Every structure is written in structure tokens, then in C-alpha cells.
There are 2 protein chains.
Amino acid sequence: MTTDSVTSITTGPIRGSHKHLHEVDGMSVPFRRVELSTGDHLDVYDTSGPYTADVPHTDLDAGLPAIRDTWEHPDPVDGASTQLAWARAGLVTPEMRYIATREGVDVELVRSEVARGRAVIPANHRHPESEPMIIGKAFAVKVNANIGNSAVTSSVAEEVEKMVWATRWGADTIMDLSTGDDIHLTREWIMRNSPVPVGTVPIYQALEKCKGDPTALTWEMYRDTVIEQAEQGVDYMTVHAGVLLRYVPLAAHRVTGIVSRGGSIMAAWCLAHHQESFLYTHFSELCEIFRRYDITFSLGDGLRPGSIADANDEAQFAELRTLGELTTIAKSHGVQVMIEGPGHIPMHKIVENVRLEEELCEEAPFYTLGPLATDIAPAYDHITSAIGAAMIAQAGTAMLCYVTPKEHLGLPDRDDVKVGVITYKIAAHAADLAKNHPRAQERDDALSRARFEFRWNDQFNLALDPDTAVAYHDQTLPAEPAKTAHFCSMCGPKFCSMRISADVRAFAEDNDLRTQADIDAMLAREMDRKSEEFVASGKNVYLPIEPVG
Amino acid sequence: MTTDSVTSITTGPIRGSHKHLHEVDGMSVPFRRVELSTGDHLDVYDTSGPYTADVPHTDLDAGLPAIRDTWEHPDPVDGASTQLAWARAGLVTPEMRYIATREGVDVELVRSEVARGRAVIPANHRHPESEPMIIGKAFAVKVNANIGNSAVTSSVAEEVEKMVWATRWGADTIMDLSTGDDIHLTREWIMRNSPVPVGTVPIYQALEKCKGDPTALTWEMYRDTVIEQAEQGVDYMTVHAGVLLRYVPLAAHRVTGIVSRGGSIMAAWCLAHHQESFLYTHFSELCEIFRRYDITFSLGDGLRPGSIADANDEAQFAELRTLGELTTIAKSHGVQVMIEGPGHIPMHKIVENVRLEEELCEEAPFYTLGPLATDIAPAYDHITSAIGAAMIAQAGTAMLCYVTPKEHLGLPDRDDVKVGVITYKIAAHAADLAKNHPRAQERDDALSRARFEFRWNDQFNLALDPDTAVAYHDQTLPAEPAKTAHFCSMCGPKFCSMRISADVRAFAEDNDLRTQADIDAMLAREMDRKSEEFVASGKNVYLPIEPVG
């Protein structure tokens, strides 16, 4: 590797916070600590790696420290050294302990969910730089960001910066979907410098090797590509092994046919050879490779719907049943599995996807792309899909693959990546709240308290994107004093509902009013006197409030 | 009025479409007609008024034509000339016929829903310029955009332009929430030039009249303000008559107290005077004024939650019960009613809001602000709230009040207004799909077909925001030929899943494959021969496809 092509990456703490490491069993578990003006602080989940340390990592040539290589792992179980094999044997790994601290849960929950196959820990032995994380419905909902160059645009340097940038804003995993030149080199740069698990779709690189002709693909070519990527440390791989020959014609009469690249490659291969997919017929051999590295299957939904019209159709659910069979096979090899899901689904058909996936695939973690809840808003598909993503995550989906504003239109640039990640952190967090995930609401409450008390900087710093929050505030009230002012530009200084609320609270506290009974009693007893007191004390309610500070 | 202060407004057709008028019973019902490259067209709902005509309206001094003054209305029923009174008497108004055409439904559905109070037609007799529309769960979900100057920023000219701009992108109603100087003048400009119903919160102007001192408010002052606005033609008014003295202390121990401006004004008044709210005690007099003009009540939720922590609490639902009582009173006067709703609600508590509102308020149309599904993303609250808005609309909410990216941070500018409106059109449309609203899916299907067939310009023109879709596309593939190219920047020209899908379709059609049984039969019968055919015919699948055009 040379750094020639990598220009610059974004480093340093996020506004108003710094990296705080919890030391646990010799491991340093990272959090983003937001220091509040009240003297309190809030620690939030942190995916950004050493790039946001006070003294950030910048040596891309050297790569990140291989932290996991220093940890003591259990011996193999029946020849398998996978998180699944260890969990089933009742063994707790360093990764599980790390994750328990990160998620704020008991380590036994981590182990048991992995053992049941309801959660996965994507952690290739050859990616020791990654900070362990878990994907499963009992844990915080995760977000994946896709990056990768293509034949039309983008360079290695841009993709590495996008990886750092995406994890800065909260991407829990990265998928490198490169399809153009320099696939191997791009991936090597990303692997050695990524603090989060990396996923790929090996068929893309295999297709490059046969110059874009899907019918020229062979099992051997594919297998060698998988091993090449496995050696580099790829943590999970999308495998479209459920696109069977007999399912392909089911997509023929759809409005949008087959929209998955991997799915259409395998469909073309199956039709051209009139044989069953080599991914399906060689699936057990694939399992043996995955088991050697502890790579996690992400069983691809090659027949996912690409439009509202095609949602929940026969092709989609036929493939899902096959993914269920493959899940059982993979797990019998001690290999971890998650299942990919749609796509484009109207709201009333979303829950059925989760129900069927859980029923057919032994509750393996569901990993969905959106889904988009309508097709009519290109340029806003981060939003059309955030609606579907929040709902499907509430129903039990464990990880959401982001969608950027450029979906269907072009490749995302740096700004699009950030908007995509933040939008999906919103969807994931909304689902965490709806699922009563422990501690999820802490951040909402801390931010809302700051808002109510006009602690503007605390409000900004607790936000998913402090920089944009500050910028928007400053467009209307740019002066620094305004950030400590007891008003905002919506009502202006003269009248403020938050201010009146504070007066109401003071009134209630002065009179010890906690329940409706207290209130009724007071109203009956001493209405007039209290009224006079309020008028006497309440003049500040409507007088101009001067900015402080 | 003088035009001195109004600089310019945005006029002319939206990209790729033109205004098409359906002539019905002497009325011209507007649609936006999108002409497709296939020779077909799609007519979609149009809120933009004469500003998007081929020869657009530009004379703001003259105002829009008073179309409704030329229509024949039924005689008053028991002294009431409201849409509700007429509907109950079995009479069909011109507004109802206009709406039936606009929505593509039977006029009897319109009449019966209004008669039941499950839908409202906000149409002050003194706002003859407005194009009638309906708000009710049996119809397309509507979107409101708030505009209005404040003490800190904005001018009359900006607000008129925002109104035209918001309706261009699909706002079904506008609320003028001005609080600073020139309230009367700003509103006059907006009323005379607005093609959509206009709502206000009269207490804001009343408060200006007593220099921002809520305790100095009187019923007479408020009443005179309502009459002033009624004469100008305001179509619906938010009245916070459910904030009762005994509910105010219930908000004292909330995380964010009272966040509604109207609610906090009335709370301050009640506490200062230790009397019941004059809006509540004089509610019947208010009904008589509303009935005279056919103004629709929008009963405000002054105690709505301002944070996830406060969602669905005692204060919120106590007020909702009172709004139910007031609904019954208003309807006994022949006055139309809708009910305002939250606010900030986590996803799992959303449906309960609709259920209770329908139970307590005789199924009056619900009109909600979002709700935001999390508090942690200031600068992205259009998205946090679009999630909640789509879900609450699916559950039966009839109109959504938009939220812009500036929510909690500042006043929206022109770009924010557009993003807010488009985001809420997405939420509304997603709900229409989920509710199986007739014709909603036509647009998704038309756009998806265009996408699948690489009719790029048709795809753009069918989008909610064609301009941004084109701009995003052109960032990666700016050349005009690329708009007719059979590929996109995601996969590049060499490989394309859509292209393979087209081949799959051709294969299925050649072999007459329609069901799984057809497929199985073919597979059993003639696998090899078909395979050869596909290879022979399918070479174009993977060869470079040149841009056409």
C-alpha cells in the first residue's frame, strides 16, 4: 500500500464530545462522551474508531492497531473457532465481553443470543483491527453504509475517506461494493483502516475477473475470490445462493424484474447454463471456508422487490424459503448467518416480511435495505426508506442498510454518505425507543431537558449531528450570546412558551402539586390567594427576557 | 395593498408537466398532467393554483380570481350555510362536486363523510379564491405548511413567496403563524393570493394587541380578533379551548412542560386569573361566529408533548377529552371541526393517539404535527417526524402539519419550506398506499415502469421533485444522452441488473411462462434446448450497451 492516492481523512473529536474508553478485562471499549454544561455527562455508543481520539490515528499506511490479536480466545470447539461454536459450547469470548460493555447488557445475553443464532458477531480472524459489535434484535439496531467505486466514478482515496466519514457519523458496518478497477487494493486500504466490520459481495469481483460476462462465471473462480477476500479479513459476505433456476421466471412479469445486481448475475448464469446456481450446489464447501475465518453469511435477497408493485410477491418469498434451508445448513457448520431483506415495500406489508423471515430462517438476524415505502420520490429515497426502515426495525430487523439521497440517480458523494448515515441512525434509534431498548431514551431525555432549559450548546452536542444543528441555528441567530439566550428565533425574545412552562413548574412546586387530587384540592381551597401570588411573582413571564452571557 | 414589498414569486409549470383542467359542472378542476415519452400521461393532484398555468397568474395586487363567488350554493339550512349543515340536509354543494373530481371518488362519499363529521371542507365564504379540498380519513392524506413572520426575522414579501412556493410543491393548506409586526397586512396578501385554505391561530394576534402580556388578554379582545380574521377569509382557526385551569399543573413535572405557544398563553392566563379559560367559557359564542362564515375549528392541543418523555401523558389526554366535548358543541352549531394532535411520540405509542382521538372526538379529522419519533436529531426533524407522520396517517390521521429541517433551531427559509413539504408529501403518499387509497399506486407504478425501462425523463417528471432528481442525476452523468442511456452510474454501462431483467422477461414471454407450474413443466421438458436458445439470444446481456440518443 502507498498513501499516494489517499489525500486526507476527517479526524478529531465530534463537536462537544471526546472519546472515553471504558477499560474492561484489559480491553478498551470506546464511547463518545458528551460533557454537559450542568457538570453531568452522557456516554453514547461510538463507532468512529481511533480517528476521533484527542490524538487521532492518521497513519493509513500502518493501518489501525490489531487490537483483537492481543486477546485470549477459547480453543476451537469440534475444530471450529467461530463465535457461534464458542457460544453454543457456553464459552464467552473477549468479543462478547467487549460487546456487553458497549451495549450495556449482561454478557450472558450476548452469548445466549449468539448461541441461538438470533445474533451475529461479524469478526473475521484476519480483521483484528475491528472493534467488536453485535447484530441481533435484542440489541441496539445497527446501520450499514455502502461505499465502493464503480466503473463510472470514484477513486481509492475517496472510498477510504468515505469509510472514515461514515463511521464518524455512526455507521456500524461498511460494505465495500466496488465494481470497477482496483477492487483488491481498495479493499485492502479499507480493511486495514476500518474500525468496524466490513462486508462485501464477492460475486462483483468474480464478475470483473470474467470481464463482466455472468455466464462465464464458475464455482472455482467464485471460490478463489471468496478466499482472496477472506484472507484480507472481510467480516461478512453477501451470497445470493437463494436465486434458484426455477424462481427466475417468477420475476419475469414483475414491474421491475430483478433489481439486485447479485440476483441478476445469478439469474443470467442459471438461465444460460440451465443448471442450478453454483452458489446453491456448492453451499457446503462455502460454509467450510466461512467457518475457517469465522466469516458471517449475509444471505442475499437476489429477488427482492424493486417497486411497490412487486412487494411480497411469489418470487420474493420463494427465495426466502430457500434462504431458510441454507440458514440451517450454515449453522450446522458452526457458521453465523444473517438474512437480507427488501427493498421497496408499502407500510402495510412490512411486518409480514419480518414475521416470515423469523419463521422460515430460525430467527436469524434480519438485515434490510430500507425498505422504501413509496417509489415516487427519487432524490429523497433516504426519507422514503427511513419510514420503512424504522417500521421494519421496530418489528425486529437487526440491521438497516442505509439509502442515500442519490439512490436510483447516481453514486453518493461525501455529503450524501453523511445524510444517509444520520437518517438511518434516526430510524434505528426510533426503533430502539419503540422496543424499549435499555438506555435508548436517556439521550432523548438529556437533549429535551437541555432544550427546555435553553442550554443550547448541550442540545447541539447531544444531537446526532451537532455541526449541522449549530449551522442551522446560527443562520437565524448567529451571535454567540444567542446560544445561551432564553429564547429562540421561533417566538423571539418577547414571548416564549418554554419560559411560561418554567413559571408553571415553579408554581406547581411552590404549591406542592403532584397529582390531579392535589390540584383539585388547591383549586377548591385557595383559588384567589394563589392567583394573586402568581400575578405578583409572574411578571417576568411576559417581560422581555434579555440574552444572558 | 401595494406590491412594493413583494419582489418576485415562482411561476410556470413544474418540469415535464402542465396544468390540465377537468371541466365539471361549470367548474375547472386542476390537475398536474405529466406527459410521458410513451405517449401516455398521468394526471396527479395539484395544489399549486394559477401560478403553474402555462400563462401564470402574477398580479398579486389584483389577487386570484374569486372562483367560488360564481358558484350556486344551496339555501341556508336552519340559518346555517356551512358545508356541514348542507351535507346533513343531504344537499350537495359545488365544493363537494369539485372535491369528488379532485379525489376521484363519488360525490356521495364526500357528502356523507362531511355529514358524519369525519371530513371537513375548510372554506370561509370570504375566501372565494380558494380551490376546494377535503380533509378526512376516507380521502388522500393532506399536508399543511406553516409560514409567517416573527419578531426576529422575515418580511411580508418573503411570506407571500413562501405560500406560493409551498403550494407549488404540494401543500394542501397553509397556516399563517405570524407573530411580529404587520400581521394583518401579511395575512391580507396571503388570503387574496392563496389557492389553498388558510389557517391561523388568532390568539397570536390578540397577544400582539396587548403587547405580549398573556394575562392582559380578554374575551372581547380575542373575539374582535377572530372577527377581523374571519372577515379577511381565514378558513380554519386553531383554538386552544381545551387548556383548562385544572390541567395546567399536570404539565408542571414534565420534561418539557408546555411547548405549544397557544397552550402556554392560555395556561398563563388561567393561572394569573385563576379562572377557567375564556375560550372554554365563551365557546358557544365562538361557534356562532364560525358558523356565520363557515370557518372550521382546528381544536388545538395546547398540552401536546414536547418530548418523548412526555408522550401520551395525563395532561395530553385530559385535554383531548375536553376537545371531545367541544367537538359535540361545535357540531351542534353546524360548525365543522378537526382536532390537532402531537408532537413528539415514540413509534409504539402512536396508534393509541388515533384510537383515543376517534373515540373521544366523534371521529373528527385528526390533524397532527409530525409526530417526531425521537428527540435526538435537531436539523433532521423533518425526517424524525416523517417517520411518525407516515405511521399516524396510516392509522387514520387526515392531515399532517409539516416540520422543516429548522424545527427547534430557527425559522425555515425557502429551501427548508420545500424540503418540509416534499418530505410530508412522501409521508402522506406512503400512508395513502398503505390505506389502499384509490389511484395512489398509479404514480408509483408509472414511475417504476419508467425506471425499469430507462425512461429517465419520465422518471424525473413523475417524481415529487423533478428538479432535484435531475440535478442529482446530472452530478454523476451530466450529458444529455445519459438521460436516455440504458444504464445508470450505479453499475455503469458494462453490467446492468435492469438489463438482465429485461432479458429474463423476454425469455419468459418467449416460453409463455406465467405460473410456477409452467416453469416446472418447461424445466422438466426442454431444459437443454432452452438453455442454448438463451445463450444464443442473450449475448447482449453482458456486452457494453451504448448510450442511445
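Under the annotation held in an unreviewed UniProt entry, chain A carries the name Phosphomethylpyrimidine synthase and is attributed to Williamsia deligens. Of chain A, the UniProt comment under Sequence similarities (unreviewed entry) reads exactly: "Belongs to the ThiC family."

J.: Please give an account of the overall build of chain A that cites residues and values.
T.: Regarding its fold elements, chain A presents 19 helices and 13 strands. Across the 549 residues that make up chain A, the buried fraction comes to 68%. Across chain A, every contact between residues at least 6 apart in sequence was considered, and the portion connecting residues at least 24 apart equals 73%. Within the structure as shown, chain A displays about 17000 Å² of accessible surface, and the carbon and sulfur contribution to it stands at 50%.

J.: Got a sec to walk through the sheet that holds strand 3 (residues 41–45) of chain B? Specific residues and values, please.
T.: Residues and elements named next belong to chain B. Pairing within the open sheet is antiparallel, and its three strands lie in the order 1-2-3. What marks the edges here is a single partner per strand, and that holds for strand 1 (17–24) and strand 3. For this sheet the average axis-to-axis angle between neighbouring strands, irrespective of direction, equals 40°. Examined bridge by bridge, strand 2 (residues 27–35) and strand 3 share five bridges and lie antiparallel to one another. Of the residues in strand 3, the one forming a bridge with Arg32 is Val44. Running over the sheet, helix 2 (residues 94–103) touches strand 1, strand 2 and strand 3 and is turned about 15° from strand 2.

J.: Kindly report on the environment of Met266 of chain B, identifying the contributing residues and their values.
T.: Residue and element names in this part refer to chain B. The residue Met266 is located in helix 8 (residues 261–273) in this model. Under the relative-accessibility criterion, Met266 is labelled buried at 0%. For Met266 and Leu217, which are 49 residues apart along the polypeptide, the C-alpha to C-alpha distance reads 9.2 Å. Those residues in contact with Met266 that sit more than four places away from it in its chain are Ile203, His240, Val243, Ser277, Phe278 and Leu279.

J.: Pulling in residues and values, what's your account of unusual backbone geometry?
T.: All names here are of chain A. Residues Pro342 and Gly343 are joined by a peptide bond in cis, for which omega reads 5°. That bond from Gly370 to Pro371 is cis: its omega, 5°, falls within 30 degrees of zero. With respect to the secondary-structure elements, Pro371 resides in the loop between strand 12 (366–369) and helix 13 (381–394). Of note in the backbone geometry, Ala379 takes a positive phi value of approximately 90° without being a glycine. Looking at the secondary structure, you find Ala379 in the loop between strand 12 and helix 13. Residue class for Ala379 comes out buried when judged on its relative accessible area of 2%. In this structure, His408 takes a positive phi of about 75° despite not being glycine.

J.: Describe the side chain of Thr327 of chain A, with residues and values.
T.: Among the secondary structure elements, Thr327 of chain A is positioned in helix 11 (residues 314–332). Among all residues touching Thr327 of chain A, those that are not within four sequence positions of it are Leu299, Val337, Ile339, Cys361 and Ala364 of chain A.

J.: How would you sum up the environment of Asp61 of chain A? Please name residues and give values.
T.: All names here are of chain A. Mapped onto the fold, Asp61 is located in the loop between strand 3 (41–45) and helix 1 (83–88). Classification of Asp61 as partly exposed rests on a relative accessible area of 35%. Sequence spacing of Asp61 and Ile339 is 278 residues, and the spatial spacing of their C-alpha atoms is 34 Å.

J.: Can you explain the pairing of strand 2 (residues 27–35) of chain A? Please cite residues and give values.
T.: Residue and element names in this part refer to chain A. Strand 2 sits mainly inside the fold: seven of its nine residues count as buried. Looking at chain direction, strand 1 (residues 17–24) and strand 2 are connected through eight bridges and run antiparallel. Across the sheet, the residue bridging to His18 is Arg33, located in strand 2. Once strand 1 ends, the chain turns through two residues before running back antiparallel as strand 2, passing Asp25 with a positive phi of about 50°.

J.: How would you sum up the sheet that holds strand 8 (residues 198–200) of chain B? Please name residues and give values.
T.: All names here are of chain B. An order of 6-7-8-9-10-11-12-13 is seen for the eight strands of this closed barrel, with the pairing classed as parallel. Within the sheet, the average angular offset between the axes of one strand and its neighbour, ignoring direction, is 25°. Bridging between strand 11 (residues 337–341) and strand 12 (residues 366–369) involves three bridges; their strand directions are parallel. Bridge pairing links Gly341 to Thr368 in strand 12.

J.: Pulling in residues and values, what's your account of the packing of helix 13 (residues 381–394) of chain B against helix 14 (residues 414–434) of chain B?
T.: All names here are of chain B. Contact geometry for helix 13 and helix 14: axes closest at 8 Å, N-to-C directions at 30°. Classified by the angle their axes make, helix 13 and helix 14 are roughly parallel. The two elements helix 13 and helix 14 meet at a crossing, and its hand is right-handed. Residue-level contacts link His382, Ser385, Ala386, Ala389, Ala390, Ala393 and Gln394 of helix 13 to Val419, Thr423, Tyr424, Ala427, Ala431 and Ala434 of helix 14.

J.: Break down the pattern of salt bridges for me, with residues and values.
T.: Residue and element names in this part refer to chain A. Applying the stated criterion to the full structure yields 62 salt bridges over all chains. Between Arg192 and Glu129 there is a salt bridge, with its nearest N and O atoms 2.7 Å apart. On the criterion of sequence distance, the pair formed by Arg192 in helix 5 (residues 183–193) and Glu129 in the loop between strand 4 (119–120) and strand 5 (135–136) is long-range, its members being 63 residues apart. Each member of the pair, Arg192 as well as Glu129, carries the same accessibility label: buried. Salt bridges sharing common partners tie together Glu113, Arg116, Arg118 and Glu363.

J.: Describe in detail helix 17 (residues 466–476) of chain A, supporting the description with residues and values.
T.: All of the buried residues in helix 17 of chain A are Pro466, Thr468, Ala469, Val470, His473 and Thr476 of chain A. As for helix 17 of chain A, its buried residues are in contact with strand 2, helix 14 (414–434) and helix 16 (456–462) of chain A.

J.: Help me get a handle on the packing of helix 11 (residues 314–332) of chain B against helix 12 (residues 350–360) of chain B, residues and values and all.
T.: Describing two packed helices takes the angle between their axes plus the distance from one axis to the other. Residues and elements named next belong to chain B. Packing of helix 11 against helix 12 leaves a shortest axis separation of 9 Å and a crossing angle of 30°. It follows from the interaxial angle that helix 11 and helix 12 lie roughly parallel. Crossing hand, helix 11 versus helix 12: right-handed. On helix 12, the residues that touch Gln316, Phe317, Leu320, Arg321 and Gly324 of helix 11 are Glu352, Asn353, Leu356, Glu357 and Leu360. Classifying every residue of the contact of helix 11 with helix 12 by side-chain character gives four nonpolar, three polar and three charged.

J.: Tell me about the confidence of the model for chain A, and name the residues and values.
T.: With 88% of its residues at a pLDDT of at least 70, chain A reaches an overall mean of 90. Across the interface, the model reports ipTM at 0.92; the global pTM reads 0.93.

J.: Account for the environment of Phe283 of chain A, with residues named and values stated.
T.: Residues and elements named next belong to chain A. Within the secondary structure layout, Phe283 lies in helix 10 (residues 283–293). Spatially, the C-alpha atoms of Phe283 and Ala241 are 7.6 Å apart, while their sequence positions differ by 42 residues. Excluding residues within four positions of it along the chain, Phe283 makes contact with Ala241, Phe297, Leu299, Leu326, Ile329 and Ala330.

Quick notes on the rules
- Residues numbered from 1 in each chain as written.
- Chains lettered and ligands numbered in written order.
- Predicted model: local features only at pLDDT ≥ 70, side-chain atom pairs only at ≥ 80, totals over all residues.
- Heavy atoms only, no water.
- UniProt positions renumbered as here; feature names shortened; annotations may be inferred.
- Helix = DSSP H or I, 4+ residues; strand = E, 2+ residues; numbered from the N terminus.
- Buried < 20%, exposed > 50% of the residue type's maximum accessible area, 1.4 Å probe, protein only.
- Contact = heavy atoms within 4.5 Å.
- Areas by Shrake-Rupley, 256 points an atom, 1.4 Å probe, with all protein chains shown as cover.
- Pairing = 2+ DSSP bridges.
- Axes fitted to C-alpha atoms, helices over the stretch in contact; angles between N-to-C directions.
- Parallel < 35°, antiparallel > 145°, perpendicular 65-115°, else oblique.
- Left-handed = near helix turned anticlockwise from the far one by under 90°.
- Salt bridge = Lys/Arg side-chain N within 4 Å of Asp/Glu carboxyl O.
- Nonpolar A, V, L, I, M, F, W, Y, C, P; charged D, E, K, R; others polar.
- pLDDT = per-residue confidence, 0-100.

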